[in-house]
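Listed here are the chains, written in short residue letters.
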Amino acid sequence: MDPLLISAAGGMKARMDSLDMLANNIANSGTAGYKADREFYGLYQDQIPVVENAWTDFSQGSLTQTGNPLNMALSGPGLFALNGPNGTIYTRSGDFQISKSNQLATPEGYTLRNVLDQGKPIAVDPAQPIAISKNGTVSQGGQDLGQIEIDSPAGAAQSLAKLGNSYFAMSEGAAALQPSPSTEVLQGQIEQSNVPVAEAAVKLVGVMRQFEMLQKAMTMGSEMSKRGIEEVAKVA
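Going along each chain's sequence as written, the residues are numbered from 1 onward. For a predicted model such as this one, the threshold for reporting local features is a pLDDT of at least 70, and the threshold for listing and counting side-chain atom pairs is 80 or more; totals across whole chains, interfaces and linings nevertheless cover every residue. Derived side-chain values reflect all non-hydrogen atoms in the structure, with water molecules and hydrogen atoms excluded from consideration.

Undergrad: Describe the environment of Leu63, naming the residues involved and giving the relevant values.
TA: For Leu63, the location among the structural elements is in strand β3 (residues 63-65). Burial here depends on accessible area, computed with a 1.4 Å probe over protein chains only, as a share of the maximum for the residue type. Under 20% is buried, over 50% is exposed, and the range in between is partly exposed. Its relative accessible area of 32% is what places Leu63 among the partly exposed residues. Considering only alpha carbons, one finds Leu63 and Glu191, 128 residues apart in sequence, at a separation of 4.5 Å. Only heavy atoms enter the contact rule, under which two residues are in contact if any of them lie within 4.5 Å. Beyond its immediate chain neighbours, meaning those up to four positions away, Leu63 contacts Ala73, Leu74, Leu186, Gln189, Ile190 and Glu191. Each helix is a run of DSSP H or I of at least 4 residues and each strand a run of E of at least 2, with the numbering of both proceeding from the N terminus.

Undergrad: So what about the sheet that holds strand β12 (residues 143-147)? Which residues, and what values?
TA: Two strands pair if DSSP finds at least two bridges between them. With antiparallel pairing, the three strands of this open sheet are ordered in space as β10-β11-β12. A strand with exactly one partner marks an edge of an open sheet, and here the two such strands are β10 (131-132) and β12. Relative to β12, strand β11 (residues 137-140) runs antiparallel, the two being bridged by four bridges. Looking across to β12, one finds that Val138 is bridged to Gly146.

Undergrad: Report on unusual backbone geometry, specifying residues and quantitative values.
TA: With phi around 60 degrees, Asn102 is a residue other than glycine that occupies positive phi space. Along the polypeptide, Asn102 turns up in the loop between β7 (97-98) and β8 (104-105).

Everything listed is a geometric property; what it means functionally is a separate question.
Written out as structure tokens, the structure reads:
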């Protein structure tokens, strides 16, 4: 097969993968705690460029004051640890609520883990104000009810796989995350997505133009091959 066509086709495939990633990032630019996906390119046989793997950018998004005592933002590298359907899962989205069982949970029903009670949910009284300190201690009426588990992805980010747009789970066989004592819990605030929308939009346009150029190169390559075959046939 023509090397030009191979390279153009490989480049188009890589650009399509990049377009999908950028479009998903832009679509989630308004999702609280969303972490942008990035791509890493590699060269394989026949010099075809491909997106070797995607990685998650865990840099912190901007923090917004909401005044809602059940909203929490993290200042630092940590992640909220939650009781998921198949074990512990993680998130940076601090949009919490009181479940029907009077436990602190996400809108999907995943409960915050209590460091002081082997990861069990933190039960609260919905009729009383809730205070949450910077170290994650939850209290009501001057009484401590538990401490929110905050774990760090440092050194283990590649072992975290996305679940939907807001959650992460450890890959099978990966070691558990360690606590993140340097991360502070900020009550009444929420972290926004870390997607730089303007930058992502500019890159999206650039990738689309690259795709169009490769498409034209592929068309030109096909035309050149066709003409070459016709010329050989005429000589014969």
